[in-house]
Amino acid sequence: MHANVFDRYHDGSSLLHHLAPTVKVVVAVLFILSNALLPDGDWLSFGISWGVILLLNLLAQLGLGFTFKRSFIVLPFTMAAITALFSLPGETLAVWDFGPWHLVATDLGLVRFLSIVVRSWLSVQIAILLVATTQFPDLIHALEHLRLPRMLITVIAFLYRYLFVLTDEVMRLLRARQARSAVLPGQRGGGGILWRAQTAGNMVGQLFVRSYERSDRIFNAMLSRGYQGHIRTFNRHEVIARDWLIMALAIFLFSILQLFAHL
Amino acid sequence: MLASPTPLHIPDGFLSITVSLLFWVVTIAVLSVAVRRTESVDEKQVPLMGIMAAFIFAAQMINFPVAGGTSGHLLGGALAAIVLGPWAGMLVMTAVIGVQGLLLQDGGLLVMGANLLNMGLLTSAIGFGLYRSTQGRQRKLKLGVAGFAAWLSVMAGALATSLQLWLSGTARLDIVLPAMLGIHAVIGIGETLITVAALAFIFRTRPDLLEQTEGPARGGRGWIVVGALISLAVLILSPLASTDPDGLERVASDLGFLSQGTEAPFKILSNYSFPILGEGALSTIVAGLIGILVVAAIVILITRSRKTQPH
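An unreviewed UniProt entry annotates chain B as Energy-coupling factor ABC transporter permease originating from Candidatus Desulfolinea nitratireducens. Here is the UniProt Subcellular location (unreviewed entry) comment for chain B, exactly as written: "Cell membrane".

The name given to chain A in an unreviewed UniProt entry is Cobalt ECF transporter T component CbiQ, with Candidatus Desulfolinea nitratireducens as the source organism. The UniProt entry for chain A carries this comment under Subcellular location (unreviewed entry): "Cell membrane".

In structure tokens:
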């Protein structure tokens, strides 16, 4: 297995792919903000928001269910929100006594819980769409245009550049551990938890030393090649009229949605 | 094979806008200091931090089987701060958490301020602060304190996450806090074991790398105070908030306020201060005792390390 599992970009030549990355980041964040501002239980507005995502999926030529299929990543975290069920006064739906907790599920609590899940589920889809239609180096440049500190941008650029290299390194370490961990059938192998943790810790230490030494070599190589402080890309980064237009349209749509939701 | 999501990466939608923005403000304030402090060091520092960010990202994939199909792995904030210094550690963790959120949707964008604070800033401050107090001491003590700091850093993240969820009206504090702290008390042990073993390995093979963080350039005595204060807050607040039975009813009514008005955060904070003033007497006493013990331990550590270091 190779480490390029991290690359979430899907090549294409749609309008969404060609939109300026800065605009895409701004619109995605506005969309998430808009979700957060929608009142609990406003299913129509949530539905319209999802409609927008489906439309964008089609526009990006990714297929209607592209973001939906990948959106279940937020599911584990809904466990934390499940207590919202019991947190609001309202009409009682069910009562549980669970250890020291007296839990009263209310209709308002249920609405709140579902709204939270829907919000996060919509928000994660726009983020998936963003990285599926934007190459990560371009995203990094977008952050630069959005005035993030140059140094932080460079650290992120390096992280992305060497993520794959070090992930390969980790996979070599994991493979080596596996190759040395023979288990006889029917017998328990692998030592105690402490021993296993120590092995994992040694691997982390080994990885640290290798990474540190690699960064020395990289710095020398950078100096010899005349590195000027940022990583380049061939893609354009000027925001043209079309980008402004689409951003204005998005802001207009979000405003209308909010207006109707709060009237 | 991807880094398994720890239940600390909050997705979008789980925090209210007020809470999200509030924590963005705090995080940006701290990070802007971090950027200014690190920029002036030397130009080699930037590529080093980039590679170290990739290292933390990759190291989170190294797991070890614990029991019943679950596995422990690293969060890395404490380790990063110990080997790189507090400010660099914060920036490295910011890059890691930022990329996890942006690229892998492991954590939301609007709530990223909170995620950065929980997993990057708090962990680095605790990790480095407690470790710094052992400067000039024996290696065994250093490893022990580093291990404790690693565990506490995970607990701090869990505590902060629970409080943010509660302030947002997303979860009931009396359930989410014991659950989060309970899970992370166990996850934190994995963090401790890996951090200690990794540091021990680095001490054996490249002790020179660790000595670099001991210079005053990376972080002065002030960090001991910062680390100790945050640790204290975690150690006192956790048992107080999770065992105080009188808080239970209040929390429920507070959450009622939350869903109604924008002034909620202020109401919540003022209501929240009541447990510290003492309605749940038993929990206050227990927490107080723990607090005194921790203060005493830290004071002893600091005074001893001062004795060994003539200035």
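The structure having been displayed, the exposition proceeds.
Below, the discussion takes up the packing of aromatic side chains. Residues and elements named next belong to chain A. Inspection of every chain in the model, using the stated rule, returns 14 aromatic pairs over all chains. Ring geometry for Phe68 and Trp121: centres 5.7 Å apart, planes at 90°, overall edge-to-face. One end of the pair, Phe68, is in helix H4 (residues 66-69); the other, Trp121, is in helix H6 (residues 107-133), and 53 residues separate them in sequence. Relative accessible area serves as the criterion here: at 18%, Trp121 is assigned to the buried category. Put simply, the rings of Trp50, Phe68, Phe72 and Trp121 touch in pairs and so form one group of aromatic residues. Of note, Arg70 hangs over the ring of Phe66, and the distance from its end group to the ring centre comes to 3.9 Å. The aromatic ring of Tyr162 is capped on one face by Arg161, whose charged end is 4.7 Å from the ring centroid.

Before going further, it helps to examine the UniProt feature "transmembrane region" (unreviewed entry) in chain B. Residue and element names in this part refer to chain B. Taking the UniProt record as the reference, the feature "transmembrane region" (unreviewed entry) is found at residues 12-34, 46-66, 78-103, 109-131, 143-167, 179-203, 223-241 and 281-302. What you have in residues 109-131 is 87% helix and 0% strand, and the ends, taken at the C-alpha atoms, are 31 Å apart. With 100% helix and 0% strand, the stretch residues 143-167 has end C-alpha atoms that lie 36 Å from each other.

This part takes up helix H6 (residues 139-167) of chain B. The terminal C-alpha atoms of H6(B) lie 41 Å apart, and with 29 residues this matches the ideal 42 Å at 1.5 Å per residue to within 8%. Along H6(B), 23 of the 29 residues are buried, which leaves the element largely enclosed by surrounding structure.

As a further point, take the packing of helix H3 (residues 43-59) of chain A against H6(A). Residue and element names in this part refer to chain A. Packing of H3 against H6 brings their axes to within 11 Å, and their N-to-C directions diverge by 15°. When the axes of H3 and H6 are compared, the pair comes out roughly parallel. In this structure, H3 meets H6 at a crossing whose hand is left-handed. Residue-level inspection shows Trp43, Phe46, Ser49, Trp50, Ile53, Leu56 and Asn57 of H3 in contact with H6, the latter providing Val111, Leu114, Ser115, Val118, Arg119, Trp121, Leu122, Gln125, Ile126 and Leu129. Residues belonging to the contact of H3 with H6 are distributed by class as follows: 12 nonpolar, four polar and one charged.

In this section: the UniProt feature "transmembrane region" (unreviewed entry) in chain A. Residues and elements named next belong to chain A. The feature "transmembrane region" (unreviewed entry), as given by UniProt, occupies residues 15-37, 43-60, 72-90, 110-136 and 244-261 in the numbering adopted here. Between the C-alpha atoms that bound residues 43-60 the distance is 25 Å, and the span itself is 94% helix and 0% strand. Across residues 244-261 one finds 100% helix and 0% strand; the C-alpha atoms that close the span lie 26 Å apart.

Calculation rules
- Residues numbered from 1 in each chain as written.
- Chains lettered and ligands numbered in written order.
- Predicted model: local features only at pLDDT ≥ 70, side-chain atom pairs only at ≥ 80, totals over all residues.
- Heavy atoms only, no water.
- UniProt positions renumbered as here; feature names shortened; annotations may be inferred.
- Phe/Tyr/Trp six-rings, centres within 6.5 Å; stacked < 30°, edge-to-face > 60°.
- Helix = DSSP H or I, 4+ residues; strand = E, 2+ residues; numbered from the N terminus.
- Buried < 20%, exposed > 50% of the residue type's maximum accessible area, 1.4 Å probe, protein only.
- Lys NZ or Arg CZ within 6 Å of the ring centre and 35° of its normal.
- Expected span 1.5 Å × (residues − 1).
- Axes fitted to C-alpha atoms, helices over the stretch in contact; angles between N-to-C directions.
- Parallel < 35°, antiparallel > 145°, perpendicular 65-115°, else oblique.
- Left-handed = near helix turned anticlockwise from the far one by under 90°.
- Contact = heavy atoms within 4.5 Å.
- Nonpolar A, V, L, I, M, F, W, Y, C, P; charged D, E, K, R; others polar.

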